[in-house]
Amino acid sequence: MYRFCLARFAPIYGRLRVRHTLSLSNMAMVSNEKDTGSYETLAVSRPRENVVRVEMNRPNKLNAMNWTFWREMRECFRSLSDDKDCRSVVLTGAGKHFTAGLDLLDFQPVLFSKDDSKDPARKGWQIRKVVSDMQESFTAIERCPKPVIAAVHSGCIGGGMAFTWCA
């Protein structure tokens, strides 16, 4: 069972004031849940009125983040920003772990290229472009005007931590 707090960021004597404690077990998948999009790596649903659940849906890969994931995350949160029926977003992960971070097998050609014909500056520029594209996914979450709650369970590695910081 997931447990998380929706905190209001008003410091009181150096601590956060907790307004509400919610339980995702109450928001479990029910028969009247509406599917709000078709994505390959994300499962987007509406478990309750005005609540959208965005679930990283690659449990067999421990929700590792591949190229498709980064693109879909940007698209999803940009569309949720304009969705008038959405008042809050819950970010979850399917399976045993929240996320294992970057899918190194998918990014191997870019990050670990053995192409010696390119000088280090060109390799660095190529990696910078890839990282900038991934950063846009974090920025889309950060710019989302709706409250985004990260319901983290078990392992949360690498980029998964950055998603929790944006939420």
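Enquirer: Just checking my understanding: could you explain the packing of helix α1 (residues 67–82) against helix α3 (residues 120–143) for this structure?
Expert: What describes two packed helices is the angle between their axes and the distance between those same axes. Interaxial distance between α1 and α3 falls to 8 Å at its minimum, and their mutual angle equals 35°. In this structure, the crossing between α1 and α3 has a hand that is left-handed. In contact with Trp67, Trp70, Met73, Arg74, Phe77 and Arg78 of α1, α3 contributes Val130, Asp133, Met134, Glu136, Ser137, Phe138, Ala140 and Ile141. Residue composition of the contact of α1 with α3, by class: nine nonpolar, one polar and four charged.

Enquirer: Please explain the packing of aromatic side chains as it appears in this structure.
Expert: One pair of aromatic rings is described through two measures. These are the centre distance and the angle between the planes. Overall, the coordinates contain six aromatic pairs when judged by the stated rule. When the ring of Phe138 is compared with that of Phe163, the centres are 4.7 Å apart and the planes differ by 55°; the resulting orientation is tilted. Of this pair, Phe138 sits in helix α3 while Phe163 sits in helix α4 (residues 159–166), and the two are 25 residues apart along the sequence.

Enquirer: I tried to follow the packing of α3 against α4 on my own but got confused; where do I start?
Expert: Their axes nearest at 9 Å, the elements α3 and α4 cross at an angle of 25°. The orientation of α3 relative to α4 falls into the category roughly parallel. Taken as a pair, α3 and α4 cross one another with a handedness that is right-handed. Facing Ser137, Phe138, Ile141 and Glu142 of α3, the residues of α4 in contact are Gly159, Ala162, Phe163 and Cys166. Here the residues of the contact of α3 with α4 sort into five nonpolar, two polar and one charged.

Enquirer: Any chance you could explain the environment of Val130 here in plain terms?
Expert: Looking at where Val130 falls in the secondary structure, it is placed in helix α3. Relative accessible area serves as the criterion here: at 8%, Val130 is assigned to the buried category. As a C-alpha pair, Val130 and Trp67 span 63 residues in sequence and 9.7 Å in three-dimensional space. Beyond its immediate sequence surroundings of up to four residues, Val130 is in contact with Trp67, Phe107 and Val110.

Enquirer: Whenever I open this one, the pattern of salt bridges confuses me. Can you help?
Expert: Oppositely charged side chains can pair when the atoms bearing their charge come close. Scanning the model with the defined rule gives five salt bridges in all. Residue Arg71 is joined to Glu75 by a salt bridge in which the shortest nitrogen-to-oxygen separation is 3.3 Å. Placement of both Arg71 and Glu75 in helix α1 is noted, with a separation of four residues, approximately one turn of the helix. Of the residues examined, Glu75 reaches a relative accessible area of 38% and is grouped as partly exposed.

Reading guide: rules and limits
Residues numbered from 1 in each chain as written. Predicted model: local features only at pLDDT ≥ 70, side-chain atom pairs only at ≥ 80, totals over all residues. Heavy atoms only, no water. Axes fitted to C-alpha atoms, helices over the stretch in contact; angles between N-to-C directions. Helix = DSSP H or I, 4+ residues; strand = E, 2+ residues; numbered from the N terminus. Left-handed = near helix turned anticlockwise from the far one by under 90°. Contact = heavy atoms within 4.5 Å. Nonpolar A, V, L, I, M, F, W, Y, C, P; charged D, E, K, R; others polar. Phe/Tyr/Trp six-rings, centres within 6.5 Å; stacked < 30°, edge-to-face > 60°. Parallel < 35°, antiparallel > 145°, perpendicular 65-115°, else oblique. Buried < 20%, exposed > 50% of the residue type's maximum accessible area, 1.4 Å probe, protein only. Salt bridge = Lys/Arg side-chain N within 4 Å of Asp/Glu carboxyl O.

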